[in-house]
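# Fold and geometry: a report
One letter stands for each residue in the lines below.
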Amino acid sequence: MPPEQDPRAIARMRQLAAEVRSAVGVGDVEAVCRAAALLPDAVEAARREVGAGAPGLQEAAAELHAANDAAEAFLREQMRRVSARLSEIGSGGRATSAYTRRGGGRMVDGRL
C-alpha cells in the first residue's frame, strides 16, 4: 500500500518518524524529545487500528526505528558535548579557585 493510502494510525507513525528526522537534522533537542514521547502511543494505536500484520505497518515501524536510532545517536552526541563543556567550566573554576587561594590573584569586585 502506498504511504498516501495508509490508515490514519500508520500515517501518524510515518509523520512522527519524519518529525524526528527533521528535528535531528536541524539539531532541535526539544522537538526530538517531544516527538519521541509520542512514539509509543502512536505504535499502540496503529496495532489496535490495523492489527499487527497490516500492510504498511512493518514499513512504518522500520521508519520509526531508523528515526529513533538517529535521535538516540543525536542525543548521545549532545550529552557528550554538554558533559565536555561542563568539564571545561569545572576545570576553569577549579583553576581560578586554586590561583586565588595561593594568593596569586587579587580579587577586585569579585573578579581577578
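Below is a short write-up of the structure. Only a predicted model underlies this, so the values are computations on that prediction, with no experimental measurement involved.

Thresholds, definitions, all that
All chains use their own residue numbering, which begins from 1 and follows the written sequence. It should be noted that, the model being predicted, local features are given only for residues of pLDDT at least 70 and side-chain atom pairs only at 80 or more, the latter also being counted only at that level, while totals for whole chains, interfaces and linings use all residues. With hydrogens and water set aside, each side-chain value is computed from the structure's full complement of heavy atoms. For the purposes of this entry, the term helix denotes a DSSP run of H or I that reaches at least four residues, the term strand denotes a run of E that reaches at least two, and both are numbered from the N terminus. To sort residues, take the accessible area from a 1.4 Å probe on protein chains only and compare it with the maximum for the residue type: under 20% means buried, over 50% means exposed, and anything in between is partly exposed. Surface accessibility in these figures is a Shrake-Rupley result with a 1.4 Å probe; residues are shielded only by whichever protein chains are displayed. Here a patch means residues that are over 30% exposed by relative accessible area and free of salt bridges, tied together within 9 Å if like-charged and within 5 Å if nonpolar (Val, Leu, Ile, Met, Phe, Trp, Tyr). Here a salt bridge means any side-chain nitrogen of Lys or Arg lying within 4 Å of a carboxyl oxygen belonging to Asp or Glu. Here the expected length of a helix is defined as 1.5 Å per residue gap, with one fewer gap than residues. Among buried residues, the Ala, Val, Leu, Ile, Met, Phe, Trp, Tyr and Cys ones that are joined through side-chain atoms within 4.5 Å form a nonpolar core. Working rule for contacts: check all heavy atoms of both residues, and any pair within 4.5 Å makes them a contact.

### A closer look at the overall build of the protein
The secondary structure content of the protein amounts to 3 helices and 0 strands. Looking at the protein residue by residue over its 112 residues, the buried ones come to 22%. Looking at the protein as shown, the accessible area adds up to about 7600 Å², and 54% of this sits on carbon and sulfur atoms.

### Digging into a nonpolar patch on the surface
On the surface, Val-82, Leu-86 and Ile-89 cluster together to form a nonpolar patch covering roughly 290 Å² of accessible area. Within the secondary structure, Ile-89 is located in helix H3 (residues 57-101). Look at Ile-89 and you get partly exposed, because its relative accessible area is 47%.

### A short note on helix H1 (residues 8-26)
Taking 1.5 Å of rise per residue, 19 residues should cover 27 Å, and H1 covers 27 Å from first to last C-alpha, within 8% of that figure. Within the sequence span of H1, burial applies to Ala-9, Ile-10, Met-13, Arg-14, Leu-16, Ala-17, Val-20 and Ala-23. Of the residues one or two after H1, Gly-27 is the one with positive phi, at around 75 degrees.

### Thoughts on the pattern of salt bridges
Counted according to the given criterion, the structure contains 8 salt bridges. The salt bridge involving Arg-48 is made with Glu-44; its shortest N-O contact spans 4.0 Å. A residue pair is termed a helical-turn pair when its members lie 3 or 4 positions apart in one helix, as Arg-48 and Glu-44 do in helix H2 (residues 29-50) at 4 residues. According to the relative accessible area criterion, Arg-48 is exposed, its value standing at 61%.

### Quick word on the nonpolar core
One recurring pattern in soluble globular proteins: nonpolar side chains tend to sit buried together. Counting 20 residues, the largest nonpolar core has Met-13, Ala-46, Leu-57 and Leu-64 as its most contacted members. Those elements giving two or more residues to this core turn out to be H1, H2 and H3. It is H1 that contributes the most residues to this core, 7 residues altogether. Setting aside residues up to four positions removed in sequence, Leu-57 forms contacts with Ile-10, Met-13, Ala-46, Val-50, Gly-51 and Ala-52.

On their own, these measurements won't tell you what the molecule is for.
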